[in-house]
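Residues per chain are reported as follows:
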Amino acid sequence: MEWDVFLNPYKQSVEELKVKFKGVREQYIIENKHSPIEFVTGRVKPVASILDKTKRKNISLDDIETEIQDIAGIRIMCQFVDDISTVINMLKKRKDLEVIEERDYVNHKKPSGYRSFHVVISYPVQTVNGEKKILVEIQIRTLAMNFWATIEHSLNYKYAGAIPTNIQQRLQRAAEAAFRLDEEMSLIKGEIQEAQKIFEQKEQR
C-alpha cells in the first residue's frame, strides 16, 4: 500500500472542510449572529492507528476505504448543547456533502460517560484522476464535552484501554459534572451571548 497516495485525498478533504466550516463561523459573526460553531479542528488518522484498527476489527486492507469511517476526522466545538443540533441541521442542508450516518452519544452517552454527536459524511474530493468520494467522521460537541473526552483519550492511551476502576469512576463523575455545566450554561445562554456581543463590540473599537 502506498500510504502517501492513499491518504492524500483524506488530507485534502480535512483541509477543505476546515476552511468551509470556519467560513460558516465567520458568516455568523459578520451578520452579528451567534455562531453555533466555536472552533474547528481536523486530522487524518496516522498509518499506525489505521493498521491497529484493521487488526482489532479484522478488516482487510482492501476494505479500509469502506470499513473505516474515521480516517479523516473533523471536530466541531460548540458553546451550547443546542448548538449541536443547529450544526447537524446545517450539515444536512449542505449540497457539497452527504450525511450517511448519525450516532447520538449526547442523549445516549457511552458507559464511560463519553458524550458527543458523530456524523459520517460522504465528501467529494477533486483529484487529478477525477472525483473521489471520501468518508469523513465529524464529531460535534460542546467545549465541556471536548475537555472531558480529551482527558479520557489520554488516560486510555496511558493505560492501553484498561483504565483502573477508581479512575473510571472519577471519570464518570467528571462526565456528569461536565454535562451539568453545559445544562447550567444553557439556562443563562441569553445573558452569555449578550455579554459576548458587548465585549466583541468593545474589542472592535
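Cut-offs and rules
- Numbering of residues starts from 1 in each chain and follows the order in which that chain's sequence is written.
- A pLDDT threshold of at least 70 governs which residues receive local features in this predicted model, and a stricter bar of 80 or more applies before side-chain atom pairs are shown or counted, although totals over entire chains, interfaces and linings include all residues.
- Side-chain numbers come from the whole structure's heavy atoms, not from hydrogens or water.
- Helix and strand definitions follow DSSP, with helices as H or I runs of at least four residues and strands as E runs of at least two, each counted in order from the N terminus.
- We call two residues contacting when some pair of their heavy atoms lies within 4.5 Å.
- When charges are counted, neither His nor the chain ends are considered; positive counts come from Lys and Arg and negative counts from Asp and Glu.
- By convention, the charge on Lys lies at NZ, on Arg at CZ, on Asp at CG and on Glu at CD.
- Residues enter patches when their relative accessible area tops 30% and they take part in no salt bridge; the joining distance is 9 Å for like charges and 5 Å for the nonpolar side chains Val, Leu, Ile, Met, Phe, Trp and Tyr.
- Areas reported here follow the Shrake-Rupley algorithm with a probe of radius 1.4 Å; residue values treat only the protein chains shown as occluding.
- By salt bridge we mean one thing: a side-chain nitrogen of Lys or Arg within 4 Å of a carboxyl oxygen of Asp or Glu.
- Buried means the residue's accessible area, taken with a 1.4 Å probe over protein chains only, is under 20% of the maximum for its type, while exposed means over 50%, and partly exposed covers the values in between.
- The directions from the helix axis to the C-beta atoms form the arc being described.
- In short, DSSP must find at least two bridges between two strands for them to pair.
- Axis angles are defined between N-to-C directions and span 0 to 180 degrees, where every axis is a line fitted to C-alpha atoms and, for a helix, only to the segment in contact.

(A) Up close: the overall build of the protein chain. Counting secondary structure elements, the protein chain contains 7 helices and 5 strands. Helices and strands appear in the protein chain in the N-to-C order α-β-α-α-β-α-β-β-β-α-α-α. For the C-alpha atoms alone, the extent of the protein chain along its principal axes is close to 55 × 50 × 30 Å. Sequence separation of 24 or more characterises 66% of the internal contacts of the protein chain that already satisfy a separation of 6 or more. If the 32 positive side-chain charges of the protein chain are averaged to one point and the 31 negative ones to another, these points end up 3 Å apart.

(B) A look at a nonpolar patch on the surface. Together, Leu181, Met185, Leu187 and Ile188 make up an exposed nonpolar region whose accessible area comes to about 380 Å². Relative to the elements of secondary structure, Leu181 occurs in helix H6 (residues 165-187). On the accessibility criterion, Leu181 (42% relative accessible area) is partly exposed.

(C) Quick peek at the pattern of salt bridges. Taken as a whole and assessed by the stated rule, the structure comprises 16 salt bridges. Close ionic contact of Glu65 with Lys132 constitutes a salt bridge, the shortest N to O distance being 3.0 Å. Residue Glu65 is located in helix H3 (residues 64-67), and its partner Lys132 is located in strand E5 (residues 130-142); the two are separated by 67 residues in the primary sequence. When its relative accessible area of 35% is taken as the criterion, Glu65 is described as partly exposed. Of the charged contacts, one joins Asp83 and Lys189 as a salt bridge, the two residues approaching to 3.8 Å between their closest N and O atoms. Of the two residues, Asp83 sits in helix H4 (residues 81-93) while Lys189 sits in helix H7 (residues 189-204), which places them 106 residues apart along the sequence. Grouping residues by exposure puts Asp83 and Lys189 together as buried. What emerges from the salt-bridge pattern is a single network uniting Lys20, Arg94 and Asp96.

(D) Region of the structure containing H4. Among all positions in H4, only Asp83, Ile84, Val87, Ile88, Met90 and Leu91 are buried. Axial view of H4: buried residues confined to an arc of 160°, hence all on one face.

(E) Summary view of the pairing of strand E4 (residues 117-127). Judged by how many residues are buried, E4 sits mostly within the fold: 8 of 11 residues are covered. As judged from the 6 bridges shared by strand E3 (residues 98-104) and E4, these two strands associate in the antiparallel manner. Within the sheet, the bridge partner assigned to Val99 lies in E4 and is Ile121. The sheet contact formed by E4 and E5 spans 11 bridges and is antiparallel. Considered in E5, the bridge of Tyr123 is made with Ile134. Counting the residues that bridge the hairpin from E4 to E5 gives 2 residues.

(F) The arrangement of the environment of Trp3 in detail. Turning to its location among the elements, Trp3 is positioned in helix H1 (residues 3-30). By relative accessible area, which is 17% here, Trp3 ends up buried. The sequence separation of Trp3 and Pro164 amounts to 161 residues, and the corresponding C-alpha distance is 36 Å. Contacts of Trp3, omitting those with residues within four sequence positions, involve Val47, Ile50, Leu51 and Ile64.

(G) Seen up close, the sheet that holds strand E1 (residues 39-44). An order of E1-E2-E5-E4-E3 is seen for the 5 strands of this open sheet, with the pairing classed as mixed. With one partner strand each, in any of the chains shown, E1 and E3 form the two edges of the open sheet. Each strand of the sheet is rotated relative to its neighbour by a mean of 25°, with strand direction disregarded. Sheet contacts for H1: E1, strand E2 (72-78), E4 and E5; angle to E1, the most-contacted strand, approximately 180°. Set on the sheet, H4 makes contact with E2, E3, E4 and E5; between it and E5 the angle comes to about 165°.

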